[in-house]
Amino acid sequence: RAEARAAGEGEREAWKSDLALRRDGFIRDLHLQTGLWLGELSRRLLADLAGEDLGPRVVATFLERLEDLDEEALAPLRVALARDSATLIVESDFAVGEEDRKRMEGTVRRRLDPGCALVFREDPGIGLGIAMEAGGLRIGWGLEEYMGEIENRIEAAFDREAPDGGTNG
């Protein structure tokens, strides 16, 4: 009897582990696919409504949020810049125009590091938005951050519905 119970418990644990792996894979795939699709859809929808290129508005919104960050929130990024030879990678799904680059450089140098160098990269996978990274620390604004909120809600829903009351292991 004890052996059967132990075997049953082992099967249950294996099933829970498999379910957790499938859940994580599903959420990862959902995040990736819907992020790309929503980014394209959002850009088209908002461009149609606004009748203009959204890149400058995305940059302006990001810079407003960067300005609103307090010193405590900026400190880790300053440390990362010091470790990372004062190079900040700026990624967006659009080409950042020269005027917006200058505005970003001014804000970053004033708020983070006066000697900071910015390297701009286009990454269609980022979706509608912009992000800055140095030394493994990343701050951003856009669809990616909103998708993170959706992902957290999906995970919470999975956890609420899990047969063991939300524990995955």
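Coordinates for the structure precede this section.
About the criteria used
- Residues numbered from 1 in each chain as written.
- Predicted model: local features only at pLDDT ≥ 70, side-chain atom pairs only at ≥ 80, totals over all residues.
- Heavy atoms only, no water.
- Helix = DSSP H or I, 4+ residues; strand = E, 2+ residues; numbered from the N terminus.
- Buried < 20%, exposed > 50% of the residue type's maximum accessible area, 1.4 Å probe, protein only.
- Contact = heavy atoms within 4.5 Å.
- Areas by Shrake-Rupley, 256 points an atom, 1.4 Å probe, with all protein chains shown as cover.
- Axes fitted to C-alpha atoms, helices over the stretch in contact; angles between N-to-C directions.
- Parallel < 35°, antiparallel > 145°, perpendicular 65-115°, else oblique.
- Nonpolar A, V, L, I, M, F, W, Y, C, P; charged D, E, K, R; others polar.
- Expected span 1.5 Å × (residues − 1).
- Pairing = 2+ DSSP bridges.
- Right-handed = clockwise from strand over helix to strand, strands pointing away.
- Polar contact = N/O pair within 3.5 Å; in protein donor to acceptor, adjacent residues only side chain to side chain.

*Asks:* Could you give an account of the overall build of the protein, naming the residues involved and the relevant values?
*Replies:* When helices and strands are tallied, the protein shows 5 helices and 4 strands. The secondary structure elements of the protein, listed N-terminal to C-terminal, are α-α-α-β-α-β-β-β-α. Across the 169 residues of the protein, 33% fall into the buried class. Long-range contacts, defined here as pairs at least 24 residues apart, represent 79% of the contacts in the protein between residues at least 6 apart. Just so you have it, the protein exposes about 10600 Å², and 54% of that area is on carbon and sulfur atoms.

*Asks:* Residues and numbers for the packing of helix α2 (residues 55-68) against helix α4 (residues 98-111), please.
*Replies:* As a packed pair, α2 and α4 sit with axes 11 Å apart at the nearest point and diverge in direction by 10°. Taken as axis vectors, α2 and α4 run roughly parallel relative to one another. Contacts from Gly55, Pro56, Val59, Ala60, Phe62, Leu63, Leu66, Glu67 and Asp68 in α2 reach Asp100, Arg103, Met104, Thr107, Val108, Arg110 and Arg111 in α4. The class makeup of the residues in the contact of α2 with α4 is 8 nonpolar, 2 polar and 6 charged.

*Asks:* Can you break down α2 residue by residue, with the values?
*Replies:* Since there are 3.6 residues in each turn of an α-helix, residues three or four apart along the chain are aligned in direction. For α2, spanning 14 residues, the distance from its first C-alpha to its last is 20 Å, which sits close to the expected 20 Å at 1.5 Å a residue. Those residues of α2 that sit buried are Gly55, Val58, Val59, Ala60, Thr61, Phe62, Leu63 and Leu66.

*Asks:* A description of the pairing of strand β2 (residues 117-122) should follow, citing residues and the corresponding values.
*Replies:* Sheet topology note: the strand β1 (residues 87-92)/β2 ladder contains 6 bridges and is parallel. Bridge pairing in β2 links valine 90 to phenylalanine 120. In this view, the connection linking β1 to its parallel neighbour β2 by way of α4 has right-handed handedness.

*Asks:* Kindly report on the side chain of serine 92, identifying the contributing residues and their values.
*Replies:* Tracing the chain through its elements places serine 92 in strand β1. Among the polar contacts made by the side chain of serine 92, one reaches the main-chain carbonyl oxygen of phenylalanine 94 at a distance of 2.6 Å. Apart from the residues within four sequence positions on either side, serine 92 is in contact with Arg121, Glu122, Asp123, Ile126, Gly129 and Ile130.

*Asks:* Explain the sheet that holds β2 residue by residue, including any values.
*Replies:* Strand pairs in the sheet, formed through backbone hydrogen bonds, run parallel or antiparallel to each other. Spatial strand order, β2-β1-β3-β4: 4 strands in an open sheet with mixed pairing. Strands at the two margins of the open sheet, each flanked by one partner only, are β2 and β4 (137-142). Pairs of neighbouring strands in the sheet enclose a mean axial angle of 20°, with direction left out of account. Note that strand β3 (residues 129-134) and β4 share 6 bridges and pair antiparallel. If you follow glutamate 133 over to β4, its bridge partner there is arginine 138. The sheet contacts of α2 involve β3 and β4, and relative to β4 the element is tilted by about 125°. Each of β1, β3 and β4 touches helix α3 (residues 71-83); the most contacted strand, β4, lies at about 125° to it.

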